[in-house]
Amino acid sequence: MPAKKPAAPKKRLARYRAKRDFTKTPEPTGGRPAAEKARAFCVQKHLASHLHYDFRLEHRGVLLSWAIPKGPSLNPRDKRLAMRVEDHPYDYRTFEGVIPAGYGAGVVMLWDEGTWSPEAGFENVSVALKKGELKFTLDAAKLKGSWVLIRIRGGPTPTGEREQWLLIKHKDQWVGVINVTEKFPTSVRTDRDFEGILKSDPDVWQSHKAAGGSDDMQKIIEKVLDYTDKTKSGSAAASPKRSPARARKK
Ligand code: MN
């Protein structure tokens, strides 16, 4: 268990905490930003039941979070579906490791990190979230420049679906024709792939024991090896779509 940290905004993390047993996962419980720091931004590549990219923007002491199945794209013509998920604790922004069992079981890679700021007219982030449109600038290692998140469907619906948003790159000097998730597949901080994280995380086996030595860890190991095979053979599930760099809409 990590040392006790200052309480994060409790109400906003209730859903995050309800889904987890912190005696069985190494994930952070809370944390708080220093008042003078720029707003944190990170993307975590998460191999769980399905591969996705968790896109997180610090706001009012927690991390606003969206799960993006295909990951971000540097091409302004791509509209990437982003499912809004529960706010995550501030300390999550640097988390990389193995979730041995329970909610989100799998491997989390810190894929990108840096800072963000809302653009002119969107300074009141809470209002922007309610209205369903947030324009912002990123300054991270892989993602930079101007972006927008636009809500296309409210939630939760009666069938339990979450809010759906689109993440789109604005045209500026930071657009690119490369497939950023394929070109830069590893951890921004450690350069490890999923297999490297799984094999080198010292918490894995301890947590595995704490979780009662269930089959969950075996499933995670198989999933990671399967993903490694797929990406090495060039048929990455991550992004099968490839668009010609020069193709244009009418
Ligand atoms: Mn996730």
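Residues numbered from 1 in each chain as written. Predicted model: local features only at pLDDT ≥ 70, side-chain atom pairs only at ≥ 80, totals over all residues. Heavy atoms only, no water.

Colleague: Can you walk me through the coordination of the manganese ion in this structure?
Modeller: Reference values for angles at a metal are 109.5 degrees in the four-donor tetrahedral case and 90 or 180 degrees in the six-donor octahedral case. Only H46 (ND1), H52 (NE2) and D54 (OD) from the protein coordinate the manganese ion, and they sit 2.2 to 2.3 Å from it. If you list the donors of the manganese ion from N- to C-terminus, the spacing comes out as H-x5-H-x1-D. In terms of burial, H52 and D54 fall into one category: buried. (Donors = N, O, S within 2.8 Å, 3.2 Å for Na, K, Ca; no water. Buried < 20%, exposed > 50% of the residue type's maximum accessible area, 1.4 Å probe, protein only.)

Colleague: Explain the packing of aromatic side chains to me, please; I cannot follow it from the model alone.
Modeller: Two descriptors summarise a pair of aromatic rings, namely the distance from one centre to the other and the angle between the planes of the rings. Per the counting criterion, the structure on display carries nine aromatic pairs. Seen in terms of ring centroids, F41 and F55 are 5.1 Å apart; in terms of plane orientation they differ by 65 degrees. Their pairing is edge-to-face. Linking F41 in strand β1 (residues 39-47) with F55 in strand β2 (residues 51-59), this pair joins segments that are 14 residues apart in sequence. With 5.2 Å between their ring centres and 50 degrees between their planes, Y92 and F95 make a pair best called tilted. The class for F95 is buried, based on a relative accessible area of 9%. Within the aromatic cluster, the residues linked to one another by ring pairs are Y16, F22, Y92 and F95. One cation-aromatic arrangement involves R93 over Y90; the distance from NZ or CZ to the ring centre is 3.9 Å. The ring of W174 has K144 lying over it, and the distance from NZ or CZ to the ring centre is 5.7 Å. (Phe/Tyr/Trp six-rings, centres within 6.5 Å; stacked < 30°, edge-to-face > 60°. Helix = DSSP H or I, 4+ residues; strand = E, 2+ residues; numbered from the N terminus. Lys NZ or Arg CZ within 6 Å of the ring centre and 35° of its normal.)

Colleague: Where do I start with the environment of A141 in this structure?
Modeller: For A141, the position within the fold is in the loop between β7 (133-140) and β8 (144-153). Separated by 99 residues in the primary sequence, A141 and C42 place their C-alpha atoms 9.8 Å from one another. If near-sequence neighbours (up to four positions away) are discounted, A141 is found in contact with D112, E113 and V188. (Contact = heavy atoms within 4.5 Å.)

Colleague: Honestly, unusual backbone geometry in this entry has me stumped. Any pointers?
Modeller: Peptide bonds are mostly trans, and most non-glycine residues show a negative phi. With a phi angle near 50 degrees, R60 is a residue other than glycine that sits in the positive phi range. Position of R60 among the secondary structure elements: in the loop between β2 and β3 (62-68). Phi at D191 is positive, roughly 60 degrees, even though this residue is not glycine. Positionally, D191 belongs in the loop between α3 (180-183) and α4 (194-200).

Colleague: Teacher, can you tell me more about a nonpolar patch on the surface here?
Modeller: Among the surface-exposed residues, V177, I178 and F184 lie close enough to one another that they form a single nonpolar patch of about 280 Å² accessible area. As for its position among the elements, F184 is in the loop between α3 and α4. (Patch = residues over 30% accessible without salt bridge, like charges linked within 9 Å, V, L, I, M, F, W, Y side chains within 5 Å. Areas by Shrake-Rupley, 256 points an atom, 1.4 Å probe, with all protein chains shown as cover. Salt bridge = Lys/Arg side-chain N within 4 Å of Asp/Glu carboxyl O.)

Colleague: I tried to follow the confidence of the model for the protein chain on my own but got confused; where do I start?
Modeller: Any residue range with low pLDDT should be treated as having predicted coordinates unsuitable for detailed reading. Counting all residues, the mean pLDDT for the protein chain is 86, and 82% of those residues have values of 70 or more. Of the regions scoring below 50 in pLDDT, residues 3-7 engages in three contacts with residues more than four places distant in sequence or in other chains. Under a pLDDT of 50 for its full length, residues 236-250 has, in the predicted model, 19 contacts with residues more than four places off or in other chains. (pLDDT = per-residue confidence, 0-100.)

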